[in-house]
Amino acid sequence: MFNTREYEWSDVTVVLGGRDVTGLRGIAYSEAQEKEALYAKGNKPHGIQRGNKSYTGSVRILQSELLALQAAAGGSILDITVDIVVAYGNPQQGDIIHTDLIRGAEFTEAPRALNQNDKFMEIELPIVAIDVVNDYR
């Protein structure tokens, strides 16, 4: 049977450094690779050459989650390396769980901002990582 159901926000679970992040507001991550056309005789490429791969993203969390991360880190979150597990799917609805592993992630910034009439503080933490393993098992 073919299932065309799309994942919803409520179907996402993120485990950061071994802890289920309940104050998660968003997550984004991407894989990139340098690519360049190889030219020789003529004016059309002879092939595509590949260079380094990179893995970047961001985690959006509530202020209470940042405080918990800081406590677990023993200070600044800029000094820690964590694995991030992102699981998509709801087994109660018959979904097969799809899991990505963001390996060796480090935070590059820890900004904070709050504006007049804000009801909570949402913090976006940019990350760089060593690898992203899709369909991690």
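Basis of the calculations
- Residues numbered from 1 in each chain as written.
- Predicted model: local features only at pLDDT ≥ 70, side-chain atom pairs only at ≥ 80, totals over all residues.
- Heavy atoms only, no water.
- Helix = DSSP H or I, 4+ residues; strand = E, 2+ residues; numbered from the N terminus.
- Rg over C-alpha atoms; globule rule 2.2 N^0.38 Å.
- Buried < 20%, exposed > 50% of the residue type's maximum accessible area, 1.4 Å probe, protein only.
- Contact = heavy atoms within 4.5 Å.
- Areas by Shrake-Rupley, 256 points an atom, 1.4 Å probe, with all protein chains shown as cover.
- Lys, Arg positive; Asp, Glu negative; His and termini not counted.
- Charge placed at Lys NZ, Arg CZ, Asp CG, Glu CD.
- Pairing = 2+ DSSP bridges.
- Salt bridge = Lys/Arg side-chain N within 4 Å of Asp/Glu carboxyl O.
- Polar contact = N/O pair within 3.5 Å; in protein donor to acceptor, adjacent residues only side chain to side chain.

**Observations regarding the overall build of the protein chain**
Next, step 1: A count of helical and extended segments in the protein chain gives one helix and eight strands.
Next, step 2: Listed N to C, the secondary structure of the protein chain is β-β-β-β-α-β-β-β-β in terms of helices and strands.
Next, step 3: Compactness check: the protein chain gives a C-alpha radius of gyration of 19 Å against a globular reference of 14 Å for 137 residues, more than 25% above the reference.
Next, step 4: Overall, the C-alpha framework of the protein chain stretches about 60 × 45 × 30 Å when taken along its three principal axes.
Next, step 5: When burial is assessed residue by residue, the protein chain has 28% of its 137 residues classed as buried.
Next, step 6: Sequence separation of 24 or more characterises 61% of the internal contacts of the protein chain that already satisfy a separation of 6 or more.
Next, step 7: Accessible surface, the protein chain as shown: approximately 9,300 Å² in total, 49% of it carbon and sulfur.
Next, step 8: Each charge sign in the protein chain was given a centre, from 13 positive and 19 negative side chains, and these centres are 7 Å apart.

**Here we look at the pairing of strand β7 (residues 122–129)**
Walk down a regular strand and you will see the side chains alternate between the two sheet faces.
Next, step 1: Burial along β7 is one-sided: I123, L125, I127 and A129 are buried, and none of E122, E124, P126 and V128, which face the opposite way, are.
Next, step 2: Of the pairings in the sheet, the one linking strand β4 (residues 45–62) to β7 comprises eight bridges and is antiparallel in character. Looking across to β7, one finds that Y55 is bridged to A129.

**Some words on unusual backbone geometry**
Next, step 1: Its identity is not glycine, yet N117 carries a phi of approximately 75°, on the positive side.
Next, step 2: Along the chain, N117 turns up in the loop between β6 (98–107) and β7.
Next, step 3: A residue is classified by how much of its surface remains accessible, and N117, at 55% relative accessible area, is exposed.

**Things to note about the pattern of salt bridges**
Next, step 1: Considering all chains together, one arrives at three salt bridges under this definition.
Next, step 2: In this structure, the salt-bridge partner of R25 is E122, at a minimum N-O distance of 2.8 Å. You can see R25 sitting in strand β3 (residues 24–39) and its partner E122 sitting in strand β7, a full 97 residues away along the chain.
Next, step 3: The exposure class assigned to R25 is partly exposed, which follows from its relative accessible area of 38%.
Next, step 4: Between E122 and R60 there is a salt bridge; the shortest N-O distance is 3.0 Å. Remark: R60 occurs in strand β4 and E122 occurs in strand β7; sequence separation between them is 62 residues.
Next, step 5: Each of R25, R60 and E122 takes part in one network of salt bridges that share partners.

**Topic: the environment of S76**
Next, step 1: When you line up the elements, S76 lands in the loop between α1 (63–73) and β5 (82–88).
Next, step 2: Using a relative accessible area of 32% as the deciding quantity, one classes S76 as partly exposed.
Next, step 3: Remark: the alpha-carbon pair of S76 and V12, spanning 64 residues in sequence, is separated by 27 Å.
Next, step 4: For S76, the side chain forms a polar contact with the main-chain nitrogen of L78, separated by 3.0 Å.

Structural measurements only, silent on function.
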